[in-house]
Amino acid sequence: MSTTPRVTLTEVADMEPEQLAVYERFQSNLTRALLLTKNSAAAHLALGGTFTVGLLSLLDREVVVLRVAALRDSEFERLLHYPLAKKAGLDDAEIKAIEEGIYDQLPPARAALVRYVTDCMVDHRASEEAWFALREHYSQNEIAEITHLAGHSAMTAMYLASLDIPLDEGVASWGRLTEVGDAARS
């Protein structure tokens, strides 16, 4: 790996007022990296924020993100979501089973969720078997949200990895992230 950074992140002191308003809602190198684009930083973060108030429980949301993080080797997403997974009630053995796709060590609904996300990430399409197994536990609307969240997490992981964005010094907080959506809709 090269020691030369692929991109130069904007320093907080050099941000324009609009950039600073986005950054203040989610103070992270992810936000600084997204601010390299012309107009998608707030929208990307707003989309992520919608999942915090969506159809899925905190636990299901963290299962999806942890599985995507493992499959995409995204240390950033794991670093951010591991404490949220613990807060949601997952223990280290369950997290390991999710990350490694050890289905027989998970309750049936969680195993179906992990299998579905794995299909989506590996084959870019869930198999019939994975779809119907998940459908036994989740509504079609929840499955749509699961699929969307998995895709958003994968896109975030790809963006961070491709631009070689460094991990944050501390764990970024979800803080005011849902406010980004409100600002993006204004």
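Heads up: the structure comes first, above all this text.
Everything numeric in this text was worked out from a predicted model, so none of it was measured.

Within soluble globular proteins, side chains that are nonpolar tend to cluster in buried spots. By size, the foremost hydrophobic cluster in this structure holds 31 residues, and its most contacted members are L113, Y116, V117, L134 and I146. Taken together, the elements giving at least two residues each to this core come down to helix 4 (58–71), helix 6 (92–100), helix 7 (108–123), helix 8 (128–135) and helix 9 (140–162). In terms of residues, this core owes the most to one element, helix 7, which gives eight residues. Contacts of V117, omitting those with residues within four sequence positions, involve V64, R67, V68, L71, I146 and A150. Within the second largest apolar cluster, 16 residues are counted, among which are F26, L30, A33 and A41.

Let us look at the environment of K96. Position of K96 among the secondary structure elements: in helix 6. Its relative accessible area of 46% is what places K96 among the partly exposed residues. K96 sits 30 residues away from L66 along the chain, and the two C-alpha atoms are 9.6 Å apart.

This part covers the packing of helix 4 against helix 9. Running from N to C, helix 4 and helix 9 point in directions that differ by 40°, and their axes come no closer than 9 Å. Considered as vectors, helix 4 and helix 9 are oriented oblique to each other. Of the two possible hands of crossing, helix 4 and helix 9 adopt the one that is right-handed. Side by side, helix 4 and helix 9 meet where R61, V64, V65 and V68 of the first sit next to I146, L149, A150, S153 and A154 of the second. Its residues assigned to classes, the contact of helix 4 with helix 9 shows seven nonpolar, one polar and one charged.

Within the secondary structure layout, E169 lies in the loop between helix 9 and helix 10 (177–185). When the C-alpha positions of E169 and S28 are compared, they lie 9.1 Å apart, and in sequence the two are 141 residues distant.

Attention now moves to the pattern of salt bridges. In this structure the tally under the stated criterion is five salt bridges. Here E62 ties to R61 by a salt bridge, and the two come within 3.6 Å at their closest N and O atoms. Residue E62 is classed as buried on the basis of its relative accessible area, which comes to 0%.

Another point: the packing of helix 4 against helix 6. Helix 6 packs onto helix 4 with a crossing angle of 55° between their chain directions and a minimal axis gap of 8 Å. As judged from the angle between their axes, helix 4 and helix 6 are oblique. Like other packed secondary-structure pairs, helix 4 and helix 6 cross with a definite hand, here right-handed. Along the contact surface, helix 4 presents V63, L66, R67 and A70, while helix 6 presents I95, I98, E99 and E100. Classifying every residue of the contact of helix 4 with helix 6 by side-chain character gives five nonpolar, no polar and three charged.

What counts, and where the lines are drawn
Residues numbered from 1 in each chain as written. Predicted model: local features only at pLDDT ≥ 70, side-chain atom pairs only at ≥ 80, totals over all residues. Heavy atoms only, no water. Core = buried A, V, L, I, M, F, W, Y, C linked by side-chain atoms within 4.5 Å. Buried < 20%, exposed > 50% of the residue type's maximum accessible area, 1.4 Å probe, protein only. Helix = DSSP H or I, 4+ residues; strand = E, 2+ residues; numbered from the N terminus. Contact = heavy atoms within 4.5 Å. Axes fitted to C-alpha atoms, helices over the stretch in contact; angles between N-to-C directions. Parallel < 35°, antiparallel > 145°, perpendicular 65-115°, else oblique. Left-handed = near helix turned anticlockwise from the far one by under 90°. Nonpolar A, V, L, I, M, F, W, Y, C, P; charged D, E, K, R; others polar. Salt bridge = Lys/Arg side-chain N within 4 Å of Asp/Glu carboxyl O.

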